[in-house]
Amino acid sequence: MLKRSDPPLLSIDGLAVEFDTPHGRVRALDHVSFDIEAGEIVGIVGESGSGKSVTAYSILGLLPRQARVQSGSISYLGRSLLGLRESELKAIRGSEISMVFQSPQTALNPIRPVGAQISDVLRAHSSLRGSDADKRAIEALHAVHIQAPERRVHAYPFEMSGGMCQRSVIAMALACTPRLLLADEPTTGLDVTTQKAIMELLVELNRSRGMSTMFITHDLGLAAQYCNRVIIMERGRVVEHGPTAQIFSRPQHIYTRKLMSATPQGHDKLTDLIPASEPQVFGPIRQLSEAAHTPDIAKEPVLSVQGLTHDYVLQNSPRIFSKFKAPWRSRPEAAPSSFRAVDDLSFEVYQGECVGLVGESGSGKTTTSRLIAKLVKPSAGSIRLHGEEIADADPRSFARSAKRRLIQIVFQDPASSLDPRRTAFEAVADPLLRLERLKRSDDLERRIHSICDLVEFPKALLSRYPHQLSGGQKARVGIGRAISVNPALVVLDEPTSALDVSVQAVVLNQLDKLKRALGLSYLFVSHDLNIVRLMCDRVMVMRGGRIVEQATVADLFSRPQHAYTKALLDAIPRIEFGGESAPISGIERSRLSVGAVPRS
């Protein structure tokens, strides 16, 4: 067991990394230095481009060809990792230092069972072979609390939920019992209950195995709740580091204070997310409508949903060879032919109202948003828009009808929802050309310029393609495209989940201002309850395809009625420090102290 007097488990000193680009060299890391001791969970916090992932890739020798280490050192247990041959690095990867990559869906091979993929790791980095490796794969899944691991080793990634895929990736990373785990955004895109389960699993494994974890995240709440120490990175530099309680109770650097201000934690209103020291990057909206700034529930609702139900027809799994025997696949009983994703939903959305839709992965949120946006035809139920029934309309026919402009959607990832071959101008112009039939180029240009004013997108950037825009700029293009045809209802499907907290703060404020100014109604789908509390007027909680509770924001957050709602609220990561320590989701911080548990 390592003591404090021993060399650090990992030591990075003066690390500088540069990338060769068509526009010259770019410095991604600039003299980064920090240590990780045995038994620690160290958080690496920063926004996109801060150098968090590049640091992890440098440790394992996984930098791309166009990257080069200019200076500095990385040592593991006193041994330098820079300059090692590939065979030497392979001996360290997996067995000594392992990594959990950001997206489990891309980290897992979609056409191989998860058990076979864990066995591959064991065969590559240990002496286990054949049935011994297969048995250890089952044990690895059991260690990360996957139920019925003997059955799940035969499952393909597409047969598992997001949380189970993430657990499988963690099982793969820990299969060879490494001393150091590099966890790169392991909970991104997960709902709060799954996120809590994954983080508490990492804490438990860290404690029981005596290993260390470098936890990369942009979520300050998670870092505050689960890390012993925190390192704040900005533009490739370490700007602040220290014990977690010290960082979050007495932040010294202006960038740390900016991140904390932009993180929804106990704020009373959306404008509180933007630091007072920063200029308001969104100005007053000039084109105000006559709509009231508060929801008008006395009138007929903009959207009325009654008994909405949707069943998905299940397809047979592809027949792909697997060396694992799966006896249940040949059972005679017939598998269910359909799956009910949405079950008897009823709700209304009024003019000027923002209604939140929350729930864990698989609860039916995305299917509901697709049904409301008329991208999918429901199996049963009624959808009335301004009193007119649209549920029975075929999605293709609806897309060509005049009603299409009344319901628009802002998708989850602004990057993937924009055509990479179209400029920002063309993206915003598309619905105007299709739905409003604008023909004259001067009318189209004038309309698009007015939309740019509304969403405060610089007109000089209209000729740029998505890859030439920042995350916030792409989000504004997506919002501008949605409001360009004057919709009555906008479905916001996790509109800021892919954005950094500072950009998220600006976009949320812009959405709220547009709602009030233009009299828009929002159906706001999100897994971030802190954002829902600030953004929405009412909230609906979904579980298993049903709405289990709906109430005003004030009532739901102060007096939740359903046990599931209480569990969701309890799982929200919080930055709470009454002194020099903070609870780690019910797990005593003292249990995570260095040297507390020997490495198994």
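Per an unreviewed UniProt entry, the protein carries the name Putative peptide transport fused subunits of ABC superfamily and comes from Bradyrhizobium oligotrophicum S58. Per its UniProt entry, the protein bears the Function (unreviewed entry) comment "Involved in beta-(1-->2)glucan export. Transmembrane domains (TMD) form a pore in the inner membrane and the ATP-binding domain (NBD) is responsible for energy generation." The UniProt entry for the protein carries the following comment under Subcellular location (unreviewed entry): "Cell inner membrane".

## Examining the overall build of the protein
The number of helices and strands found in the protein is 20 helices and 20 strands. Counting over 600 residues, the protein shows a buried share of 53%. Contacts in the protein between residues at least 24 apart in sequence constitute 73% of all its contacts with a sequence separation of at least 6. Of the roughly 27000 Å² that the protein leaves accessible, carbon and sulfur atoms contribute 49%.

## Examining the side chain of Lys474
Relative to the assigned elements, Lys474 resides in helix H16 (residues 471-483). Leaving out residues up to four positions away in the same chain, Lys474 has contacts with Pro414, Ala415, Leu418, Pro466 and Leu469.

## Brief notes about the sheet that holds strand S14 (residues 380-385)
Read across the sheet, four strands follow the order S12-S11-S14-S15 without closing on themselves; strand pairing throughout is antiparallel. The strands lining the two open edges of the sheet, one partner per strand, are strand S12 (338-349) and strand S15 (388-389). Bridge count for strand S11 (residues 303-313) against S12 is eight bridges, and the pairing is antiparallel. Residue pairing for S12: Tyr312 is matched across the bridge by Phe339. The sheet strands contacting helix H12 (residues 365-372) are S11, S12 and S14, and the helix crosses S11 at an angle near 120°.

## Description of the pattern of salt bridges
Under the criterion given, the structure shown has 31 salt bridges. A salt bridge links Glu86 to Arg93, with the shortest nitrogen-to-oxygen separation between them at 2.7 Å. Owing to a relative accessible area of 49%, Glu86 belongs among the partly exposed residues under this scheme. Take Arg93: its relative accessible area is 15%, and that puts it in the buried class. For the salt bridge of Asp443 with Arg440, the shortest nitrogen-to-oxygen distance reads 3.4 Å. Looking at Asp443, the relative accessible area reads 27%, which means it is partly exposed. Looking at Arg440, the relative accessible area reads 52%, which means it is exposed. A single salt-bridge network, built from bridges that share partners, covers Glu18, Asp20, Arg25, Arg27, Asp30, Arg68 and Arg237.

## A word on the sheet that holds strand S13 (residues 354-358)
Strands pair in a sheet through their backbones, by hydrogen bonds, and they do so in one of two ways: parallel or antiparallel. A sheet is described by the order of its strands in space; here six strands give the open sequence S16-S17-S18-S13-S19-S20, paired in mixed fashion. Edge strands, defined here as strands with exactly one partner in the open sheet, are strand S16 (407-410) and strand S20 (546-552). Across the sheet, the mean angle separating the axes of adjacent strands is 20° when strand polarity is ignored. Inspection of the sheet shows strand S17 (residues 489-493) paired to strand S18 (residues 521-525) by five bridges, in the parallel sense. Directly across from Leu492, in S18, lies its bridge partner Phe524. Relative to strand S19 (residues 538-543), helix H20 (residues 563-570) is tilted by about 105°, and along the sheet it contacts S19 and S20.

## Some thoughts on the environment of His154
Checked against the element boundaries, His154 lands in the loop between helix H6 (149-152) and helix H7 (162-174). Assessed through its relative accessible area of 8%, His154 is described here as buried. Put simply, His154 and Ile138 are 16 residues apart on the chain and 9.9 Å apart in space, counted from C-alpha to C-alpha. A polar atom in the side chain of His154 sits 3.3 Å from the backbone oxygen of Glu150.

## Focus: the packing of helix H4 (residues 114-125) against helix H5 (residues 130-143)
The interhelical angle for the contact between H4 and H5, taken along N-to-C directions, is 115°, at an axis separation of 8 Å. In this structure, the crossing between H4 and H5 has a hand that is right-handed. Contact with H4, carried on its side by Val114, Gly115, Ile118, Ser119, Leu122 and Arg123, involves Gly130, Ala133, Asp134, Arg136, Ala137, Ala140 and Leu141 of H5 and no other residues of that element.

## Remarks on the packing of aromatic side chains
Summed over all chains, the structure comprises one aromatic pair. On the basis of an interplanar angle of 10° and a centroid distance of 5.6 Å, the ring pair of Tyr156 and Phe158 is categorised as stacked. Taking the relative accessible area as the measure of exposure, Tyr156 reaches 3% and is therefore buried. Residue classification places Phe158 among the partly exposed residues on the basis of a relative accessible area of 47%.

## A closer look at H20
All of the buried residues in H20 are Tyr564, Thr565, Leu568 and Leu569. The arc that holds the buried residues of H20, viewed along the axis, is 140°, so those residues lie on one side. Each element contacted by the buried residues of H20 is listed here: helix H8 (192-209), helix H18 (529-535), S19, S20 and helix H19 (553-558).

Rules of the game
- Residues numbered from 1 in each chain as written.
- Predicted model: local features only at pLDDT ≥ 70, side-chain atom pairs only at ≥ 80, totals over all residues.
- Heavy atoms only, no water.
- UniProt positions renumbered as here; feature names shortened; annotations may be inferred.
- Helix = DSSP H or I, 4+ residues; strand = E, 2+ residues; numbered from the N terminus.
- Buried < 20%, exposed > 50% of the residue type's maximum accessible area, 1.4 Å probe, protein only.
- Contact = heavy atoms within 4.5 Å.
- Areas by Shrake-Rupley, 256 points an atom, 1.4 Å probe, with all protein chains shown as cover.
- Pairing = 2+ DSSP bridges.
- Axes fitted to C-alpha atoms, helices over the stretch in contact; angles between N-to-C directions.
- Salt bridge = Lys/Arg side-chain N within 4 Å of Asp/Glu carboxyl O.
- Polar contact = N/O pair within 3.5 Å; in protein donor to acceptor, adjacent residues only side chain to side chain.
- Left-handed = near helix turned anticlockwise from the far one by under 90°.
- Phe/Tyr/Trp six-rings, centres within 6.5 Å; stacked < 30°, edge-to-face > 60°.
- Arc of directions from axis to C-beta.

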